[in-house]
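Residues per chain, in single letters:
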Amino acid sequence: MGNILAGPVIQELDKRFGGSKPREARRRLTEHFWCDLLTASAEAIEKFTKALDRIPEYVTTVIMKSRKAEGRDPLLEVLVGLAVRTAWEPIKSMVHTTGVEELQRTCRILAVLICPAPENHKAVQNGALLPLAKEGLLETSKERLEQVFPADWVHRLREGLGGA
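The residue count restarts for each chain, going from 1 along the sequence in the order it is written. Local features in a predicted model are, by the rule used here, given only for residues with pLDDT of at least 70; side-chain atom pairs are given and counted only at 80 or more, and totals for whole chains, interfaces and linings are based on all residues. The basis for the side-chain values is all heavy atoms of the structure; hydrogens and waters are excluded.

### Remarks on the pattern of salt bridges
A side-chain nitrogen of Lys or Arg and a carboxyl oxygen of Asp or Glu constitute a salt bridge if their distance falls within 4 Å. This structure, assessed with the given rule, holds 5 salt bridges. For glutamate 70, the salt bridge goes to arginine 72, with nearest N and O atoms at 2.6 Å. Burial classes: relative accessible area under 20% of the type maximum marks a residue as buried, over 50% as exposed, and values in between as partly exposed (1.4 Å probe, protein chains only). Overall, arginine 72 belongs to the partly exposed group, its relative accessible area being 34%. The salt bridge involving arginine 105 is made with glutamate 102; its shortest N-O contact spans 2.9 Å. Taken together, the residues arginine 105 and glutamate 102, both in helix H5 (residues 100-114) and 3 residues apart, mark about one turn of the helix. Overall, the relative accessible area of 22% leaves arginine 105 in the partly exposed class. Only DSSP runs of H or I with at least four residues qualify as helices, and only runs of E with at least two residues qualify as strands; both kinds are numbered from the N terminus onward.

Okay, here's the thing in structure tokens:
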């Protein structure tokens, strides 16, 4: 791990800040930089892991609030919580294999694809469609949606997103 981190970091620092005395810049890195970096990384990983463990509770709360705000049929919170915790385990394992950003993007795409009426579902619009549009992923997707779904559905979807 040390070689994986040190090599690229030292190369980048030499390139940007080494100037005529790269050894001096490298010497400064021995003054607790690497141990600070590794300790802070370990702490961040610990916090990230604890945050991952709280995700099912957060998702359950968001679902309950969304259903209430949009006037959808109420569901028992304990039922939603059980479903979310059960679904979270395979999703959590994907964090480790695909990475957080790819997993987040996949969740957003799947949310759009499985939603029966994204043009009427604010949570999907705000939490999936708009972020995907900001990434620039939707232009090709819009064209494909127009090929697969009825034109009036795609038109209503675009209107619901303010033309995004």
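### Looking at the layout of surface pockets
Residues are called lining when one of their atoms sits within 4 Å of a cavity or pocket point, these points coming from a 1 Å grid over the protein atoms alone, where a cavity is a set in which a 1.4 Å probe fits but cannot get out and a pocket is an open set with protein on both sides within 12 Å along at least five of seven lines. Grid points are joined across faces, edges and corners, and a volume is the space filled by probe spheres set on the points. As a volume, the largest pocket reaches approximately 1400 Å³. Forming the boundary of the largest pocket are 36 residues, of which Val59, Val62, Ile63, Cys107 and Ala111 lie nearest the centre. Among the secondary structure elements, those contributing two or more residues to the lining of the largest pocket are helix H3 (33-69), helix H4 (77-98), H5 and helix H6 (122-135). With 11 residues, H3 is the largest single contributor of residues to the lining of the largest pocket. Residue classes follow a fixed rule: Ala, Val, Leu, Ile, Met, Phe, Trp, Tyr, Cys and Pro count as nonpolar, while Asp, Glu, Lys and Arg count as charged, and any other residue, Gly among them, counts as polar. Classifying every residue of the lining of the largest pocket by side-chain character gives 28 nonpolar, 5 polar and 3 charged.

### A closer look at the nonpolar core
Where a protein is soluble and globular, its nonpolar side chains tend to be buried together. Counting 6 residues, the largest nonpolar core is built from Val112, Cys115, Val124, Ala128, Leu129 and Leu132. Here this core takes 4 residues from H6, the largest share from any one element. We define the nonpolar core as a collection of buried residues of types Ala, Val, Leu, Ile, Met, Phe, Trp, Tyr and Cys that are connected through side-chain atoms lying within 4.5 Å of one another.

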